[in-house]
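Structural features, examined
Listed below are the residues making up each chain.
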Amino acid sequence: MTIAVCVKHVPDPADPAVLAADLRVDREAAAGMLCSLDEYAVDRAVQLRHPGERVVAVTMGPRGARAAVTRALQMGADEGLVITDPSLAGADAVTTAAVLAAAVRSLGDVDLVLCGMSSTDGSTGTVPPMVADLLGWGCAGHAVAVVREAGHVTIERDDPDARRTLVAPLPAVVSVTDLSGEPSYPSFKAILAAKRRPVREVSLAELPVRTSARGLRTVAATVAPPRAPARIVTDVDGSGAHALVQVLTDRFPMGVS
Amino acid sequence: MILCPLDLLDTTPEADETLVRMVAGLDQVTCLLGSEPDRDRVASLGAAGAERLLWAPMAPESPTGLRVDALASCVGPEDLVVAPATRQGTEIAARLALRLGRAISVSAETITSTEGQLEVTAGAFSGTWRLTAELPYASVVTMSTVGADPATGAPRAPEVRRLDVDLVPDPREPVVIGTTAKDAGDGPSLAQASIVVAGGRGTDGDFSLLEQLATLLGGAVGSSRVAVDLGWAGPEQQVGQTGATVAPDLYIAAGISGAVQHLAGMSAAKHVVAINTDPDAPIFRSCDLGIVGDLQTVLAETVTTVRSHARAIPA
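Given the structure is predicted, the values throughout are model-derived calculations rather than measurements.

**Some thoughts on the overall build of chain B**
Of regular secondary structure, chain B possesses 8 helices and 16 strands. Against the compact-globule benchmark of 20 Å for 315 residues, chain B has a radius of gyration of 21 Å, which places it among compact chains. In terms of overall dimensions, chain B has C-alpha extents of about 60 × 45 × 40 Å along its principal axes. Looking at chain B as a whole, 53% of its 315 residues are labelled buried. Considering only intrachain contacts with a sequence separation of at least 6, the fraction spanning at least 24 residues in chain B is 62%. Carbon and sulfur atoms provide 50% of the accessible area of chain B, an area that totals close to 13,000 Å². Between the mean site of the 21 positive side-chain charges and the mean site of the 38 negative ones, chain B shows a separation of 2 Å.

Structure, rendered in structure tokens:
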């Protein structure tokens, strides 16, 4: 059996985002990384792998996106699959999901697809349920714990009103949150071992997917105005609490003074 | 017509009404509910501007696919679908857009329409950018109600009708086999509180003064992801890109360094006070008042002062 884990190469969220002339993320300008939310999915996949099984990290993106797969290999994935094609530049969520679903299907014996809960750049969170629907599988989203058993997967999910346990028949798509357990940091040995693992690059000629533009167009982008520089108070003899109480009395006079 | 799926697992009646008010000026609004609305619910959704309430028996824990099926059964080719920008709302929107071949835009904060085109605005890249996008009117959009205070238009007396459709759960969908309800607590919810007192790693796990101050001020306690991961706060208290987005009048960040992922969840707060021992913490670049010092000392003194103020007011 194969566990597929969908990963994305994203700009470092700590760097200011750079937009190209078409107002999409300039993926050439940014120093990229494996999306931190996908690290949880990779780590869960590696933990859920049974002896004799493989974990395949799948990504769609420009050539440089291979770095995200390399990182997944360092974290313990066995193989990588990179779908790269000039026509996929600026692909929307539907196209991305269609490509990922086709890639998963091409692997043949997948019974579980793991994803991060969203990307840190687009942040839509729409791709995992779309991939599931395209594969005709169920989607168990936002898992904080995943247990894989014969024929089904059990997840724990934290909803605002309750913590819930859900069961989905396999094959299934599961997205995991950043509360599903911190991924382990790869050792030097694991980083060396990753270099010998196979990564396959395929274009859309080898993986036919019907893509279509659905008419969303970004027409304006502005940097959000930063907050004015803060007043900084170093707490000496109660000056900190005094400043905070001042804010409370100024802004909430009814409740406090 | 605008079709709004409401009564979701992760929305509240108040947030549902806010969503209706946000779009009622645009077109006639039809709400799709998960159970027959009682008289109060009909009145409050009517006051928010809903023209029609359709309902189908869909328990909160029923598979999300049922809601997608119900929506797909009543959405017309010219209709716009607007769902809440919650986790379940996003899943519904994603699956419906895929099924109908529609454009999708998520987490819109404003929405307008001219000549068959929609224009939406949304924050992007951890709230550091604002994007404006155009898409066809008959699209699928999710809208964030956090911090929104839309005007109320003319009240309506909505028509209520049961949706005439057979909803059959797909056996491939996950099913809920266990539910542990959470204690809602006495204070306001994180999303609705006008004051949020949030703690991070710097609390060393002691949230007692944060809780005392929040209670005194009628606010809610939030936390950074790290504090949730360490078990110091509940997952529902997490503020940030992967947790709750809040827009209170006052946000007090105690012992939170200010990673971009956290700032994304609280950048819309009107006034931010940060308390941290590290004068170089990034949070001091994203606040209005920065207090360099020990948060337990500052909060203890603040709680004492607020208590003495409160006592000075005759009941």
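**A word on the sheet that holds strand β6 (residues 110-114) of chain B**
What the 4 strands build is an open sheet, ordered β12(A)-β8(B)-β7(B)-β6(B); its pairing is antiparallel. At either margin of the open sheet sits one strand with a lone partner, and together these are β12 (217-223) of chain A together with β6 of chain B. If you compare each strand with its neighbour and ignore which way they point, the axes differ by 20° on average. With 5 bridges connecting them, β6(B) and strand β7 (residues 117-124) of chain B associate as antiparallel partners. The residue bridging T112(B) from the neighbouring strand is E119(B), located in β7(B).

**What to know about the environment of E28(A)**
Its location among the elements puts E28(A) in the loop between β2 (9-11) and β3 (32-34). E28(A) sits 10 residues away from V18(A) along the chain, and the two C-alpha atoms are 9.5 Å apart.

**A short note on the pattern of salt bridges**
All names here are of chain B. Applying the stated criterion across every chain yields a total of 34 salt bridges over all chains. Note that R156 is salt-bridged to E51, the shortest N-O span being 2.9 Å. Here R156, found in the loop between β9 (140-143) and β10 (159-162), pairs with E51, found in strand β3 (residues 50-55); they are 105 residues apart in sequence, far enough to count as distant. When its relative accessible area of 25% is taken as the criterion, E51 is described as partly exposed.

**Description of the packing of helix α4 (residues 127-135) of chain A against helix α4 (residues 87-100) of chain B**
Following both chains from N to C, one finds α4(A) and α4(B) inclined at 45°, their axes separated by 8 Å at the closest point. Taken together, α4(A) and α4(B) sit at an angle that is classed as oblique. By crossing handedness, the relation of α4(A) to α4(B) is classed as right-handed. Of α4(B), the residues touching α4(A) (which contributes P129(A), M130(A), D133(A) and L134(A)) are E91(B), A94(B), R95(B) and L98(B). In terms of residue class, the contact of α4(A) with α4(B) is built from 5 nonpolar, no polar and 3 charged.

**What to know about the interface of chain B and chain A**
The partner chain A presents 74 residues to the 82 residues of chain B that form the contact. Of the roughly 6,700 Å² buried between chain B and chain A on both sides combined, carbon and sulfur atoms contribute 62%. It is L98(B), F125(B) and W129(B) in chain B that bury the most area against chain A; as a group they hold 10% of the surface buried on that side. For the salt bridge of E134(B) with R217(A), the shortest nitrogen-to-oxygen distance reads 3.0 Å. At the junction of chain B with chain A, the criterion picks out 30 residue pairs in polar contact (both at pLDDT 80 or more). It is helix α8 (residues 295-312) of chain B that contributes the most residues to the side of chain B that touches chain A, 9 residues altogether. Considering only residue class, the side of chain B that touches chain A consists of 41 nonpolar, 23 polar and 18 charged.

**A short note on the state of the cysteines**
All names here are of chain A. Scanning the entire structure with this criterion turns up 0 disulfides over all chains. Free cysteine C35: the closest other cysteine sulfur is in C115, separated by 11 Å. C139 carries a free sulfur, and the closest cysteine sulfur to it, the one in C115, is 7.3 Å from it. The class of C139 is buried, set by a relative accessible area of 10%.

**Some details on unusual backbone geometry**
For the bond from L170(A) to P171(A), the omega torsion is 0°, close enough to zero to count as cis. Counting through the fold element by element, P171(A) comes out in the loop between β9 (162-169) and β10 (172-176). Phi is positive for E115(B), close to 45°, though the residue is something other than glycine. Structurally, E115(B) can be placed in the loop between β6 and β7. For D204(B), which is not glycine, the phi torsion reads 55° and is therefore positive.

**Here we look at the packing of aromatic side chains**
Enumeration over the complete set of coordinates arrives at 0 aromatic pairs over all chains. Its end group placed over the ring of Y185(A), R71(A) keeps NZ or CZ at 5.5 Å from the ring centre.

**Side note on the packing of helix α1 (residues 13-23) of chain B against helix α2 (residues 39-48) of chain B**
Residues and elements named next belong to chain B. The contact between α1 and α2 brings their axes to 8 Å, and the two run at 30°. On the basis of the axis angle, α1 is roughly parallel to α2. Residues P13, D16, E17, V20 and R21 of α1 pack against R41, S44, L45 and A48 of α2. Of the residues in the contact of α1 with α2, the class split is 4 nonpolar, 1 polar and 4 charged.

**Considerations on the sheet that holds strand β1 (residues 2-5) of chain B**
Residues and elements named next belong to chain B. What the 7 strands build is an open sheet, ordered β5-β9-β4-β1-β2-β3-β10; its pairing is parallel. Pairing within the sheet leaves two strands with one partner each, and these edge strands are β5 (104-108) and β10. Within this sheet the neighbouring strands show an average axis-to-axis angle of 20°, counted without direction. The sheet contact formed by β1 and strand β2 (residues 29-33) spans 4 bridges and is parallel. Residue pairing across strands places P5 opposite L32, the latter belonging to β2.

**Notes on the environment of D237(A)**
Residue and element names in this part refer to chain A. Looking at the element boundaries, D237 is found in the loop between β13 (231-234) and α6 (239-251). Relative accessible area serves as the criterion here: at 80%, D237 is assigned to the exposed category. On a C-alpha basis, the gap between D237 and V94 in space is 58 Å, while along the polypeptide they are 143 residues apart.

The rules behind each value
- Residues numbered from 1 in each chain as written.
- Chains lettered and ligands numbered in written order.
- Predicted model: local features only at pLDDT ≥ 70, side-chain atom pairs only at ≥ 80, totals over all residues.
- Heavy atoms only, no water.
- Helix = DSSP H or I, 4+ residues; strand = E, 2+ residues; numbered from the N terminus.
- Rg over C-alpha atoms; globule rule 2.2 N^0.38 Å.
- Buried < 20%, exposed > 50% of the residue type's maximum accessible area, 1.4 Å probe, protein only.
- Contact = heavy atoms within 4.5 Å.
- Areas by Shrake-Rupley, 256 points an atom, 1.4 Å probe, with all protein chains shown as cover.
- Lys, Arg positive; Asp, Glu negative; His and termini not counted.
- Charge placed at Lys NZ, Arg CZ, Asp CG, Glu CD.
- Pairing = 2+ DSSP bridges.
- Axes fitted to C-alpha atoms, helices over the stretch in contact; angles between N-to-C directions.
- Salt bridge = Lys/Arg side-chain N within 4 Å of Asp/Glu carboxyl O.
- Parallel < 35°, antiparallel > 145°, perpendicular 65-115°, else oblique.
- Left-handed = near helix turned anticlockwise from the far one by under 90°.
- Nonpolar A, V, L, I, M, F, W, Y, C, P; charged D, E, K, R; others polar.
- Buried area = accessible area lost by both parts, 1.4 Å probe.
- Polar contact = N/O pair within 3.5 Å; in protein donor to acceptor, adjacent residues only side chain to side chain.
- Disulfide = S-S within 2.5 Å.
- Phe/Tyr/Trp six-rings, centres within 6.5 Å; stacked < 30°, edge-to-face > 60°.
- Lys NZ or Arg CZ within 6 Å of the ring centre and 35° of its normal.

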